[in-house]
Amino acid sequence: MGRPVPSSSKPAFEGGPPTRTEFLVFGKPRIGEEEIQEVAAALRSGWIGTGPRVQKFEQEFLSYTGGSHAVAVSS
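All values reported here derive from a predicted model rather than from experimental measurement.

Draft legend 1. Local environment of helix H2 (residues 52-65). Its 14 residues give H2 an end-to-end C-alpha distance of 20 Å, which sits within 8% of 20 Å, the value for a rise of 1.5 Å per residue. Among the residues trailing H2, Gly66 stands out with phi positive, at a value near 75 degrees.

Printed below as a string of structure tokens:
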């Protein structure tokens, strides 16, 4: 975390000092080696938008959710 900033009677949006000295990252993804390897494997497979990896994902998603249908889409 950033260094503490001296307090002021004015909030930052009114010209007082900021409450943080470092940018607060919102929603930083947790990408580990396993995720990187899966992306690399998908790229090497030649199947980017469809194919056997998508079918496997749909089946695993169905199993996880207990649903009856699953369709993976790009959006």
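Draft legend 2. Representation of the environment of Gly49. Looking at the element boundaries, Gly49 is found in the loop between helix H1 (33-45) and H2. Considered as a pair, Gly49 and Ser74 are 25 residues apart in the sequence and their alpha carbons are 7.5 Å apart.

Draft legend 3. Examining the layout of surface pockets more closely. Of the pockets and cavities examined, the largest pocket occupies roughly 290 Å³. Along its surface, the largest pocket is lined by 13 residues, and Arg53, Val54, Lys56, Phe57 and Ala72 are the ones closest to its centre. Going through the elements one at a time, H1 and H2 are the ones with two or more residues in the lining of the largest pocket. Top contributing element to the lining of the largest pocket by residue count: H2, with six residues. A breakdown of the residues in the lining of the largest pocket according to their chemical character gives seven nonpolar, two polar and four charged.

Draft legend 4. Expanded view of the pattern of salt bridges. Considering all chains together, one arrives at two salt bridges under this definition. Where Arg53 meets Glu38, a salt bridge forms, and the shortest distance between an N and an O atom there is 2.3 Å. Linking Arg53 in helix H2 with Glu38 in helix H1, this pair joins segments that are 15 residues apart in sequence. Here Arg53 falls in the partly exposed class, since its relative accessible area comes to 35%. Classification of Glu38 by relative accessible area gives partly exposed; the value is 44%.

Definitions and limits used
Residues numbered from 1 in each chain as written. Predicted model: local features only at pLDDT ≥ 70, side-chain atom pairs only at ≥ 80, totals over all residues. Heavy atoms only, no water. Helix = DSSP H or I, 4+ residues; strand = E, 2+ residues; numbered from the N terminus. Expected span 1.5 Å × (residues − 1). 1 Å grid on protein atoms, 1.4 Å probe; cavity = no way out; pocket = protein on both sides within 12 Å on 5 of 7 lines; lining within 4 Å. Points joined across faces, edges and corners; volume = space filled by probe spheres on them. Nonpolar A, V, L, I, M, F, W, Y, C, P; charged D, E, K, R; others polar. Salt bridge = Lys/Arg side-chain N within 4 Å of Asp/Glu carboxyl O. Buried < 20%, exposed > 50% of the residue type's maximum accessible area, 1.4 Å probe, protein only.

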